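Listed below are the residues making up each chain.
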Amino acid sequence: MVTTAETMFVGAALVLFFFWFYGIVSFYFDLRYQFVPAVRRYFRDGDNDETNNRPDPEEYL
């Protein structure tokens, strides 16, 4: 026979598993849509520091 304590234990374990899984999925989406694009922008824009600071010669004509 299943007792109340066993039912509560299984229910609590399921609730904790839900929040654990939600945290993993949220971390994945944060990495994918915030951190990875920021790192890509940093490396893409950081490579051309010398050329980005130079003025465009056509502006002075």
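Quick note: structure is the one above.
The rules behind these values
Residues numbered from 1 in each chain as written. Predicted model: local features only at pLDDT ≥ 70, side-chain atom pairs only at ≥ 80, totals over all residues. Heavy atoms only, no water. Helix = DSSP H or I, 4+ residues; strand = E, 2+ residues; numbered from the N terminus. Areas by Shrake-Rupley, 256 points an atom, 1.4 Å probe, with all protein chains shown as cover. Phe/Tyr/Trp six-rings, centres within 6.5 Å; stacked < 30°, edge-to-face > 60°. Buried < 20%, exposed > 50% of the residue type's maximum accessible area, 1.4 Å probe, protein only. Patch = residues over 30% accessible without salt bridge, like charges linked within 9 Å, V, L, I, M, F, W, Y side chains within 5 Å. Salt bridge = Lys/Arg side-chain N within 4 Å of Asp/Glu carboxyl O.

Caption draft 1: A look at the overall build of the protein chain. Regarding its fold elements, the protein chain presents 2 helices and 0 strands. Just so you have it, the protein chain exposes about 6200 Å², and 66% of that area is on carbon and sulfur atoms.

Caption draft 2: Up close: the packing of aromatic side chains. Summed over the entire model, instances satisfying the criterion amount to 7 aromatic pairs. For the ring pair Tyr28 and Phe29, a centre distance of 5.2 Å and an interplane angle of 65 degrees mean the geometry is edge-to-face. Among the residues examined, Tyr28 registers a relative accessible area of 44% and is labelled partly exposed. Judged by its relative accessible area of 39%, Phe29 is partly exposed. Taken together, Phe17, Trp20 and Phe21 form an aromatic cluster joined through their ring pairs.

Caption draft 3: Structural view of a nonpolar patch on the surface. A surface patch of nonpolar side chains, about 460 Å² in accessible area, is lined by Val15, Phe18, Phe19 and Tyr22. Take Tyr22: it is sitting in helix H1 (residues 4-46). On the basis of relative accessibility, which here comes to 53%, the residue Tyr22 falls in the exposed class.

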